[in-house]
Amino acid sequence: LIKDLNGNHVIQRCLQRLGSEDSQFIFDAAASHCIEIASHRHGCCVLQRCVDFSSGVQRQRLVAEIASNALVLSQDPFGNYVVQYILELAMPWTASEVISRLEGNFACLSMQKFSSNVVEKCLKLAGEDNKAQIVRELMSSSRLGQLLQDPYANYVVQSALTVSKGGLHASLIEAIRPHLPALRSSPYGKRILSRTNLKK
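Here is a short report on the structure shown in this document. The numbers attached to residues start from 1 for each chain and follow its sequence in the written order. Owing to the predicted nature of the model, reporting of local features is limited to residues with pLDDT of at least 70; listing and counting of side-chain atom pairs is limited to 80 or more, with chain, interface and lining totals taken over all residues. Calculation of side-chain values draws on the structure's entire complement of heavy atoms; hydrogens and water are dropped beforehand.

**Digging into the overall build of the protein chain**
Within the protein chain, the secondary structure is distributed over 16 helices and zero strands. Here the protein chain, with 200 residues, has 48% of them falling under the buried criterion. Working rule for contacts: check all heavy atoms of both residues, and any pair within 4.5 Å makes them a contact. Nonlocal contacts in the protein chain, meaning residues at least 24 apart in sequence, comprise 65% of its contacts between residues at least 6 apart. Accessible surface, the protein chain: about 9700 Å² in total, of which carbon and sulfur atoms supply 52%. In the protein chain, 22 side chains carry a positive charge and 17 a negative one; their mean positions are 12 Å apart. Only runs of H or I of at least four residues qualify as helices and only runs of E of at least two qualify as strands under DSSP, and these elements are numbered from the N terminus. Residue exposure (1.4 Å probe, protein chains only): buried if accessible area is under 20% of the type maximum, exposed if over 50%, otherwise partly exposed. Note that accessible areas follow from Shrake-Rupley with a 1.4 Å probe, and for residues the cover is restricted to the protein chains shown. Positive: Lys, Arg. Negative: Asp, Glu. His and the chain ends are not part of the count. By convention, the point assigned to a charge is CZ for Arg, NZ for Lys, CD for Glu and CG for Asp.

Set out below in structure tokens:
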């Protein structure tokens, strides 16, 4: 029903009308089939409503299940919205858990249409330590030159430039510096140049 064109509306109405205790059977199904539901056109919306209408342990279980599958879901056309949704809940442990699942893959994820949005959301909403972790991984990547000129990753690098501070920001600028000649002739690279003081 959750994935059905009409059935998903029935489930959403159940969530609205039933209390969180009476909706437990829905939350159980959602947690047990998290990837399957989150990566479905209708299911992703129902899963977000499950998070909305759950509370306490129920919500923690659902969010933990989504976070633990963040690497797969971030790359999915529908699942990425569910990961972004839990990041927006402003529960500090959620961002840390999502980032720990994506760790080691930030460069690759930044170059994909759907997951690049998740990486940007992490940079925007995570705590300072987590932001720094992502920025360090991006700037030490052997693919930094590619990231700077990529249609999706260049936005991630722009976000990294915006959120990084002090010594970390200076290190990121220095990591970008050797790529200046290539950036000047790239449409995406020019966006990076406009965000830095490296135009000279």
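And the narrative resumes.
**A look at the nonpolar core**
Across soluble globular proteins, nonpolar side chains have a tendency to be buried as a group. Throughout this description, the term nonpolar core refers to a set of buried Ala, Val, Leu, Ile, Met, Phe, Trp, Tyr and Cys residues connected via side-chain atoms within 4.5 Å. Membership of the largest hydrophobic core comes to 60 residues, with the highest contact counts inside it found for L47, I66 and V98. Looking at which element gives the most residues to this core, the answer is helix α13 (residues 153-163), with six residues. Setting aside residues up to four positions removed in sequence, V98 forms contacts with A67, A70, V83, I86, L87 and C122.

**Digging into the environment of G56**
When you line up the elements, G56 lands in helix α5 (residues 56-68). Look at G56 and you get exposed, because its relative accessible area is 53%.

**Re the side chain of S116**
Within the element layout of this structure, S116 appears in helix α10 (residues 113-125). Under the relative-accessibility criterion, S116 is labelled buried at 3%. Within 3.5 Å is the distance limit for a polar contact, defined as a pair of N or O atoms, with the added protein rule that one can donate a hydrogen and the other accept it, and that residues adjacent in sequence qualify only through two side-chain atoms. Within the local environment of S116, its side chain forms a polar contact with the backbone oxygen of K113, the two atoms lying 3.0 Å apart.

**Here we look at the pattern of salt bridges**
Should the charged atoms of two oppositely charged side chains come close, the side chains can pair. Here, a salt bridge means any Lys or Arg side-chain nitrogen found within 4 Å of an Asp or Glu carboxyl oxygen. Under the definition given, this model contains seven salt bridges. With a shortest N-O distance of 2.9 Å, R49 and D52 are connected by a salt bridge. Residue R49 and its partner D52 are both found in helix α4 (residues 43-53); the two are separated by three residues, about one turn of the helix. When its relative accessible area of 24% is taken as the criterion, R49 is described as partly exposed. The exposure class assigned to D52 is partly exposed, which follows from its relative accessible area of 31%. Between E174 and R177 there is a salt bridge, with the nearest N and O atoms lying 2.9 Å from each other. It is possible to trace a salt-bridge network through shared partners that takes in E128, K131 and K165.

**A few points about the packing of helix α2 (residues 24-32) against α5**
Between the N-to-C directions of two axes lies an angle of 0 to 180 degrees, each axis being a line fitted to C-alpha atoms and, for a helix, fitted only over the stretch in contact. One way to put it is that α2 packs onto α5 with a least axis distance of 9 Å and a crossing angle of 20°. What the angle tells us is that α2 and α5 run roughly parallel. Here α2 runs over α5; the crossing is left-handed. For the pair formed by α2 and α5, the contact residues are Q24, F27, D28, A30, A31 and S32 on the first element and Q58, R61, L62 and E65 on the second. Tallied by class, residues from the contact of α2 with α5 come to four nonpolar, three polar and three charged. Working definition: roughly parallel below 35 degrees, roughly antiparallel above 145 degrees, roughly perpendicular at 65 to 115 degrees, and oblique for all remaining angles. A crossing counts as left-handed when the near helix is turned anticlockwise from the far one by less than a right angle, and as right-handed when that turn is clockwise. Here the term charged refers only to Asp, Glu, Lys and Arg, the term nonpolar to Ala, Val, Leu, Ile, Met, Phe, Trp, Tyr, Cys and Pro, and the term polar to all other amino acids, Gly among them.

**A closer look at the environment of S194**
For S194, the location among the structural elements is in helix α16 (residues 187-195). Distance in space between the C-alpha atoms of S194 and Q158 is 9.4 Å, their sequence separation being 36 residues.

**Examining unusual backbone geometry**
Backbone geometry places A90, a non-glycine residue, at a positive phi of 60°. Here A90 is to be found in the loop between α7 (79-87) and α8 (92-102).

**Regarding the side chain of S159**
As for its placement among the helices and strands, S159 is situated in helix α13. Those residues in contact with S159 that sit more than four places away from it in its chain are E120 and L123.

**A few points about α7**
With respect to burial, α7 is a largely interior element, eight of its nine residues being buried. Along α7, the positions that sit buried rather than exposed are G79, N80, V82, V83, Q84, Y85, I86 and L87. The elements touched by buried residues of α7 are α3 (34-38), α4, α5, α6 (70-74), α8 and α10.

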